[in-house]
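Topology and contacts: notes
One letter stands for each residue in the lines below.
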Amino acid sequence: MARAIALALAQLFSGPILGVLGACALLSALCFVLLWLGIDFALLHWFGDTWLATTVVGVLGGIATFALAWVTFPLVAGAFVGLFLEHVAALVERRHYPELPAAKGLPFVQGIAVSVRFLVVLLAANALLLVLLLVPPVYAVAWLVVNGWLVGREYVELVAMRRVAPAEADALRRRHRVECFATGVALALLMPLPIVNLVLPVLATAVVVHRYHDWRRADARAHAGGG
């Protein structure tokens, strides 16, 4: 995994990816600004427009926005993966795996369907986890485990389906379930980090592309050895 992360970070600020990186950061920041404005408007509507209310609402709105942004960022990152995955994955493969034929790519409708399913599951899972906020240490561990598993599953399936059928992508993920989970947890650990989380979909895609090809080569060697 260290190799995949190192290669992804090295390419992250290369020319071709910088534009994607900027678009991803801009969209992520825009989502948080809209969230903040929405909360501020709702609180002002509730408390009124006096000076005291405005001051209190400003403080409460900032705290609420920060808390919601931290809790819901996996949803934001998941929403953007479908926009950037194909382009980023192609750039990574062109630089590091030039011997491979061009990927067939992920059909737009299929990619949207997978992303929507992922968002629904992630939203439901994180909503259920909120009951654990009463016990912060338990919530933190559960949040990391659940989101790590879901993020690992989502990115691995989307990257793999660029080249193989969904059933084969699922089989690969199952064969490497422990490594897939570890990759997802490593990416989930980055979600709360300011700035880093703004570009996480791009970084996560690059990391998982390298992991996918590592697993593909390992499976090929295992098959050759077994044969």
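A brief look at the structure comes next.

Procedures and definitions
- Residues numbered from 1 in each chain as written.
- Predicted model: local features only at pLDDT ≥ 70, side-chain atom pairs only at ≥ 80, totals over all residues.
- Heavy atoms only, no water.
- Axes fitted to C-alpha atoms, helices over the stretch in contact; angles between N-to-C directions.
- Helix = DSSP H or I, 4+ residues; strand = E, 2+ residues; numbered from the N terminus.
- Parallel < 35°, antiparallel > 145°, perpendicular 65-115°, else oblique.
- Left-handed = near helix turned anticlockwise from the far one by under 90°.
- Contact = heavy atoms within 4.5 Å.
- Nonpolar A, V, L, I, M, F, W, Y, C, P; charged D, E, K, R; others polar.
- Buried < 20%, exposed > 50% of the residue type's maximum accessible area, 1.4 Å probe, protein only.
- Salt bridge = Lys/Arg side-chain N within 4 Å of Asp/Glu carboxyl O.
- Arc of directions from axis to C-beta.

**Overview of the packing of helix α5 (residues 136–160) against helix α6 (residues 166–175)**
In the contact formed by α5 and α6, the axes pass within 9 Å of each other and the chain directions differ by 135°. Judged by the inter-axis angle, α5 sits oblique to α6. The way α5 lies across α6 gives a crossing that is right-handed. Between α5 and α6, the residues in contact are Arg153, Val156, Glu157 and Ala160 and Ala169, Asp170, Leu172 and Arg173, respectively. Class assignment for the residues of the contact of α5 with α6 results in 4 nonpolar, no polar and 4 charged.

**A word on the packing of α5 against helix α7 (residues 177–188)**
Between α5 and α7, the least distance of the axes is 7 Å, while the angle of their chain directions is 115°. Regarding the angle of α5 to α7, the classification is roughly perpendicular. Between α5 and α7 lies a crossing whose hand is right-handed. From α5, Trp143, Leu144, Val145, Asn147, Gly148, Trp149, Val151, Gly152, Arg153 and Val156 reach across to α7, where they touch Cys180, Phe181, Gly184, Val185, Leu187 and Ala188. Its residues assigned to classes, the contact of α5 with α7 comprises 11 nonpolar, 4 polar and 1 charged.

**Here's the deal with the environment of histidine 87**
Its location among the elements puts histidine 87 in helix α3 (residues 51–96). Judged by relative accessible area, histidine 87 falls into the partly exposed class, the value being 42%. Among residues more than four places away in sequence, those in contact with histidine 87 are Pro16 and Val20.

**A short note on the pattern of salt bridges**
One pass over the structure, following the stated rule, counts 10 salt bridges. Salt-bridge contacts for aspartate 170 lead to arginine 173; the nearest nitrogen and oxygen are separated by 2.7 Å. In this pair, aspartate 170 and arginine 173 both sit in helix α6, 3 residues apart, roughly one turn of the helix.

**Considerations on α6**
Three or more residues of α6 are buried, namely Ala169, Leu172 and Arg173. One side of α6 holds all its buried residues, which, seen down the axis, span an arc of 100°.

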